[in-house]
Amino acid sequence: MASKSNSTFSVLGSDLSITGDIKASADLHIDGNVDGDIACSNLVQGETSTVSGSVEAENARLAGTVRGSITARELVILKTAKITGDVFYDALTIEQGAQVEGRFAHRESKASDQKATAPTGKPELVAAG
């Protein structure tokens with residue numbers, strides 16, 4: 001198997017429950033339950049997994065339950081996923097049958113954000129009269 005020189009892969013098995021935040025420089029595969037925030041490079045979530053907290057990853061492939069916001073550059077939500085929370089993404093794939101309760105927002109690059117938004121960083125609503 002080919003691998004990156006400093007690449008590692010961590011697995012949290014289905015028999016494992018963690019209370020607390022997880023920050024990993026490695027790729028992470030979660031089959032167990034996490035009550036806390038997750039930050040990692042690449043995340044794969046198994047069907048039986050539950051995450052109660054925010055998820056931040058470059059790439060995420062979600063198949064279980066997530067209760068919290070999700071931020072990912074490339075996000076794949078599989079048909080078995082149940083997500084309650086806002087989703088921020090650059091590229092998004094959702095399989096038919098996935099359940100998502102929350103808002104979706106495409107992440108803009110930081111350079112275009114600074115040019116395109118008002119100084120407050122909030123969009124303005126202008127009513128036509």
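### Considerations on the overall build of the chain
The helix and strand tally for the chain stands at one helix and 14 strands. Within the span of the chain, comprising 129 residues, buried residues form 29% of the whole. Long-range contacts, defined here as pairs at least 24 residues apart, represent 3% of the contacts in the chain between residues at least 6 apart. When the accessible surface of the chain is split by element, carbon and sulfur atoms take 49% of a total near 8,500 Å².

### A short note on the pairing of strand β4 (residues 27–30)
Judged from the four bridges that link them, strand β1 (residues 9–12) and β4 form a sheet pairing that is parallel. Its bridge partner being in β4, Phe 9 is matched across the sheet by Asp 27. Strand direction decides the pairing type here: β4 and strand β6 (residues 38–45), joined by three bridges, are parallel. Residue pairing across strands places Ile 30 opposite Gln 45, the latter belonging to β6.

### A look at the pattern of salt bridges
Scanning the model with the defined rule gives four salt bridges in all. Between Glu 74 and Arg 73 there is a salt bridge whose closest N-O contact spans 3.0 Å. Under the relative-accessibility criterion, Glu 74 is labelled partly exposed at 39%. Through salt bridges with shared partners, a single network forms among Glu 58, Arg 73 and Glu 74.

### Quick notes on the environment of Thr 93
Position of Thr 93 among the secondary structure elements: in strand β12 (residues 87–94). Note on Thr 93: relative accessible area 44%, which makes it partly exposed. The spatial distance from the C-alpha of Thr 93 to the C-alpha of Ile 77 is 6.2 Å, given a sequence separation of 16 residues.

### Considering the nonpolar core
In globular proteins that are soluble, nonpolar side chains generally tend to be buried together. Formed by 22 residues in total, the largest nonpolar core has its most connected members in Leu 28, Ile 38, Leu 43, Leu 62 and Leu 75. Mapped onto this core, the elements with two or more residues apiece are β4, β6, β8 (55–62), β10 (70–77) and β12. Beyond its immediate chain neighbours, meaning those up to four positions away, Leu 75 contacts Ala 60, Leu 62, Ile 70, Val 87, Ala 91, Leu 92 and Thr 93.

### What to know about the environment of Ile 83
Counting through the fold element by element, Ile 83 comes out in strand β11 (residues 82–84). C-alpha of Ile 83 to C-alpha of Ile 70: the two residues are 13 residues apart in sequence and 9.0 Å apart in space. In this structure Ile 83 touches Leu 62, Val 66, Ile 70, Ile 77, Gln 99, Val 100 and Glu 101, once residues within four positions along its chain are discounted.

What counts, and where the lines are drawn
Residues numbered from 1 in each chain as written. Predicted model: local features only at pLDDT ≥ 70, side-chain atom pairs only at ≥ 80, totals over all residues. Heavy atoms only, no water. Helix = DSSP H or I, 4+ residues; strand = E, 2+ residues; numbered from the N terminus. Buried < 20%, exposed > 50% of the residue type's maximum accessible area, 1.4 Å probe, protein only. Contact = heavy atoms within 4.5 Å. Areas by Shrake-Rupley, 256 points an atom, 1.4 Å probe, with all protein chains shown as cover. Pairing = 2+ DSSP bridges. Salt bridge = Lys/Arg side-chain N within 4 Å of Asp/Glu carboxyl O. Core = buried A, V, L, I, M, F, W, Y, C linked by side-chain atoms within 4.5 Å.

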